[in-house]
Amino acid sequence: TPVIEASDLVVRYGPATALDHVSLRVDAGELVALVGPNGAGKSTLVNTLSGILRPAEGSVSVHGRLAHVPEGRQLFGDLTVEDNLRLGGRRYRERDTAPVHAVLPRLADLRHRRAGTLSGGEQQMVAVGRALMSRPDVLAVDELSLGLAPLVVADLVEHLRELNARRGLAVLLIEQNARLALDLCSRAYVLEAGRIVATGPSGELAADA
Ligand code: ADP
Ligand code: ADP
């Protein structure tokens with residue numbers, strides 16, 4: 001069953017077409033990659049899926065809750081990890097962070113640290129944790145690997161895999177780093193200049209990459 005179903009999306013910025021008849025589907029519990037170079041339309045697509053942008057044509061349906069981990073993490077550096085997490089929930093109570101600590105135990109150790117003092121990888125984990133506060137069915141993660149060392153990325157990816165395997169969380173991984181996204185995800189879409197130019201099992205796409 002689909003958690004995200006987008007059909008024939010057309011999005012324009014003035015005269016420029018950013019998405020040209022794009023269709024995409026993410027099933028419950030699936031790990032799907034969306035890869036493409038800078039300017040391909042990835043952010044436009046995610047913003048359309050999350051309802052921030054309205055398409056000129058086509059339709060989006062999201063069944064369940066979609067949470068977004070934005071590019072660049074967007075944490076409040078002066079606030080503690082726990083306060084940053086609370087800002088992701090609908091109610092800001094102590095016990096609401098416990099489920100996130102259960103799935104990302106490192107965050108429990110870091111809870112009293114100010115987010116601005118954490119490493120890039122730790123900050124990315126806080127950003128993922130904050131998105132999990134809304135108990136999403138699907139998580140759209142923007143540029144997980146940006147500016148992070150490969151080992152740090154591998155650790156974050158392991159957490160995403162575990163959330164997927166143990167909670168059935170669907171993940172849409174939006175990446176310029178095609179190799180990483182194809183390694184993590186079973187299925188992928190390749191977006192170039194506003195069009196889906198390839199889609200299929202990651203293994204087949206990686207062979208061409
Ligand atoms: P990506 O996320 O893959 O880098 P974007 O979705 O940000 O791609 O951009 C797709 C295209 O739309 C690019 O050509 C970009 O310059 C253009 N674009 C993005 N946002 C705007 C905007 N607010 N106004 C005009 N053009 C935009
Ligand atoms: P365990 O897998 O160790 O048995 P539990 O099943 O008891 O852990 O779940 C621990 C907590 O994680 C629960 O409170 C549960 O509601 C919460 N949880 C489940 N799915 C998610 C999710 N997608 N994001 C955040 N918390 C979740």
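Residues numbered from 1 in each chain as written. Chains lettered and ligands numbered in written order. Predicted model: local features only at pLDDT ≥ 70, side-chain atom pairs only at ≥ 80, totals over all residues. Heavy atoms only, no water.

This part covers the site of ligand 2. Around ligand 2 sit P99, A102, L132, R135, R166 and R167, and those are all the residues in its vicinity. Between ligand 2 and R135 there is a distance of 3.3 Å, counted from an oxygen atom to a side-chain nitrogen or oxygen. Side-chain polar atom of R166 to an oxygen atom of ligand 2: 2.7 Å apart, as the coordinates give it. Protein chains bury 53% of the 570 Å² of accessible surface belonging to ligand 2 in isolation. (Near = heavy atom within 4 Å. Polar contact = N/O pair within 3.5 Å; in protein donor to acceptor, adjacent residues only side chain to side chain. Areas by Shrake-Rupley, 256 points an atom, 1.4 Å probe, with all protein chains shown as cover.)

So, about empty space enclosed by the protein. Taken as a whole, this structure holds two cavities of 30 Å³ or more when the rule is applied. Considering only enclosed or pocket space, the largest cavity measures out at about 40 Å³ in volume. Residue composition of the lining of the largest cavity, by class: two nonpolar, one polar and three charged. Lining the second largest cavity are L104, M125, V128, L144, L156, H159 and L160. Looking at the lining of the second largest cavity element by element, the count peaks at three residues for helix α6 (residues 150–167). Counted by class, the lining of the second largest cavity contains six nonpolar, one polar and no charged residues. (1 Å grid on protein atoms, 1.4 Å probe; cavity = no way out; pocket = protein on both sides within 12 Å on 5 of 7 lines; lining within 4 Å. Points joined across faces, edges and corners; volume = space filled by probe spheres on them. Nonpolar A, V, L, I, M, F, W, Y, C, P; charged D, E, K, R; others polar. Helix = DSSP H or I, 4+ residues; strand = E, 2+ residues; numbered from the N terminus.)

Let's shift gears to the sheet that holds strand β8 (residues 187–192). Taken in spatial order, the six strands of this open sheet run β5-β6-β7-β3-β8-β9, and their pairing is mixed. At either end of the open sheet lies a strand with only one pairing partner, and these are β5 (66–69) and β9 (195–201). Neighbouring strand axes in the sheet, compared pairwise and without regard to direction, differ in orientation by 15° on average. On the sheet, helix α5 (residues 120–132) packs against β5 and β6 (138–142) and is oriented at approximately 165° with respect to β5. (Pairing = 2+ DSSP bridges. Axes fitted to C-alpha atoms, helices over the stretch in contact; angles between N-to-C directions. Contact = heavy atoms within 4.5 Å.)

Here α5 contains 13 residues, and its C-alpha end-to-end distance of 19 Å stays within 8% of the 18 Å for a straight helix at 1.5 Å per residue. Among the 13 residues that make up α5, twelve are buried, leaving the element largely enclosed by the rest of the structure. Regarding α5, the residues found buried are G121, E122, Q123, Q124, M125, V126, A127, V128, G129, R130, A131 and L132. In this structure, the buried side of α5 is in contact with β5, α2 (81–86), α3 (98–103), α4 (105–110), β6 and α6. (Expected span 1.5 Å × (residues − 1). Buried < 20%, exposed > 50% of the residue type's maximum accessible area, 1.4 Å probe, protein only.)

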